[in-house]
Amino acid sequence: MNRFEYADSRFMPNEIYVRCDMIVRLYDGDTKTNFENGELVLTSHRILWGRPGDVQRGNTCLSLSLRHIIFFEEENLRPFSFGRSKKIVLHLSEPAIDKMPGPADNSLYNYVKLSFKEGLDPNFITQLSDTIMRRTWEFTPETELIVSNVNDNQRNTKLLPHIKTRTGIIGIERSLQEKQKETDENISLAFQDLTKLMDMAKDMVAISKTISVKIRARQGDITEDETVRFKAYLMSLGIDDPVTRDAYKSSNEYFKQLAKQLACILEEPIKEVGGMMTLTDVYCRVNRARGLELLSPEDLLHASRQLAPLGLPIVLRSFDSGVMVLQICSHNDNAVVDRITELLKEKKSMTAEDLAQSEGISMLLARERLLVTEKYGKACRDDSIEALRFYPNLFLEEISSE
């Protein structure tokens, strides 16, 4: 908002009226301001904002010179954001040194937003673009006043200036300088993302070389930090060719191919977390890897049910509690029960939270493993107001000792 100035709304000698819009709110960046439900007037030189009737009466209002606008765009609304007003984002240059006083001396943002409560007229974008491209404020005018009708909402007639322009050498030079500056800024913005991508690629290549050298030389294990960073870069790559419903004529074939892709990308991650992963975690991981080709929960469930019939290395499993997981086919409940039994003897007692921290798994899976151990008769529970705590089954030891 520090680009706006308090100014007289009466037009300058070479300034011409373009259009008027009602019930417009001003934003300082993404922050709402108290300047709402106002009248916005676009001229050949400025954007004027005031309370309804202020601009027409020539009262003091807010003024933004069009020379400050580097570029503008229509804000992209998020999906399902019904009822939100259309907004125009004006990206602005730094304020001038000789700037007149305005509503703010400083601002955290280099852009402002115009929010149109009654809907955005598509002609506004066209007329704003044409007005900025004409750069009338750089021309040397020969003015004469004529009476002009204001076409918006049958407003009263007023004196508006009509200009005949002649462009001098200075004006041409300034126009070329501004266009060159704008081109340089746009190129700089475009290369910022490319630079970030190149930096990430350099880091990934460096880590890959380090891992390759250590594997070849057999000089020890890879450090945990290198492993984490390498996995993070791999996950950011995503799936090159995600399976989509449009590529197949029948749903059955689609779910079969989707199941094969799930097995391909999830087998190793599931092994790393102990051979089992909840379906909610699977959903998050898969959709992150698929990018824009998001998968619905229903499609994921249908595809997961195809894993076992297709003989793939992972299968869908439902616990008695209703929790659904994907697990490795070689997963052995007896081995899990033996492991939990050892931990219970060592720790004397455990809750699901204790087991989750000890094994590095989710609390949901930890609870299911404790319940499976109880189901096999190797654990006993104490269900109190504090927590559900499990203990070793000492009855088995007494029976065996007899």
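Residues numbered from 1 in each chain as written. Predicted model: local features only at pLDDT ≥ 70, side-chain atom pairs only at ≥ 80, totals over all residues. Heavy atoms only, no water.

Q: Explain the packing of helix α6 (residues 279-290) against helix α7 (residues 297-304) here, please?
A: Two quantities define a packed helix pair, namely the angle between the helix axes and the distance between the axes. At a minimum axis distance of 11 Å, the contact between α6 and α7 shows a crossing angle of 110°. Classified by the interaxial angle, the pair formed by α6 and α7 is roughly perpendicular. In this structure, α6 meets α7 at a crossing whose hand is right-handed. For the pair formed by α6 and α7, the contact residues are Leu279, Val282 and Tyr283 on the first element and Pro297, Leu300, Leu301 and Ser304 on the second. By residue class, the composition of the contact of α6 with α7 is six nonpolar, one polar and no charged. (Axes fitted to C-alpha atoms, helices over the stretch in contact; angles between N-to-C directions. Helix = DSSP H or I, 4+ residues; strand = E, 2+ residues; numbered from the N terminus. Parallel < 35°, antiparallel > 145°, perpendicular 65-115°, else oblique. Left-handed = near helix turned anticlockwise from the far one by under 90°. Contact = heavy atoms within 4.5 Å. Nonpolar A, V, L, I, M, F, W, Y, C, P; charged D, E, K, R; others polar.)

Q: When you look at helix α10 (residues 363-375) in this model, what are you seeing that I'm missing?
A: Helical geometry note: an α-helix holds 3.6 residues per turn, so side chains three or four residues apart project in the same direction. Between the first and last C-alpha of α10 there are 18 Å, a value that for 13 residues agrees with the 18 Å anticipated at 1.5 Å per step. All of the buried residues in α10 are Leu365, Ala366, Glu368, Arg369, Leu370, Leu371, Val372 and Thr373. (Expected span 1.5 Å × (residues − 1). Buried < 20%, exposed > 50% of the residue type's maximum accessible area, 1.4 Å probe, protein only.)

Q: Got a minute to help me understand the packing of helix α8 (residues 333-347) against helix α9 (residues 352-359) in this structure?
A: Between α8 and α9, the shortest axis-to-axis distance is 12 Å and the interhelical angle comes to 110°. What the angle tells us is that α8 and α9 run roughly perpendicular. Residues Arg339, Ile340 and Leu343 of α8 pack against Leu355, Ser358 and Glu359 of α9. Partitioned by chemical class, the residues of the contact of α8 with α9 number three nonpolar, one polar and two charged.

Q: Explain the packing of aromatic side chains to me, please; I cannot follow it from the model alone.
A: The description of an aromatic ring pair rests on the distance of the ring centres and on the angle between the ring planes. What the rule picks out here adds up to four aromatic pairs. Relative to Trp49, the ring of Phe35 lies with its centre 5.5 Å away and its plane at 80°, an arrangement referred to as edge-to-face. Of this pair, Phe35 sits in the loop between β3 (31-32) and β4 (38-43) while Trp49 is found in strand β5 (residues 46-50), placing the two residues 14 residues apart along the sequence. Among the residues examined, Trp49 registers a relative accessible area of 3% and is labelled buried. Ring centres 5.2 Å apart and planes at 45° place the aromatic pair Tyr254 and Phe255 in the tilted group. Accessibility assignment for this pair places Tyr254 and Phe255 in one class, buried. (Phe/Tyr/Trp six-rings, centres within 6.5 Å; stacked < 30°, edge-to-face > 60°.)

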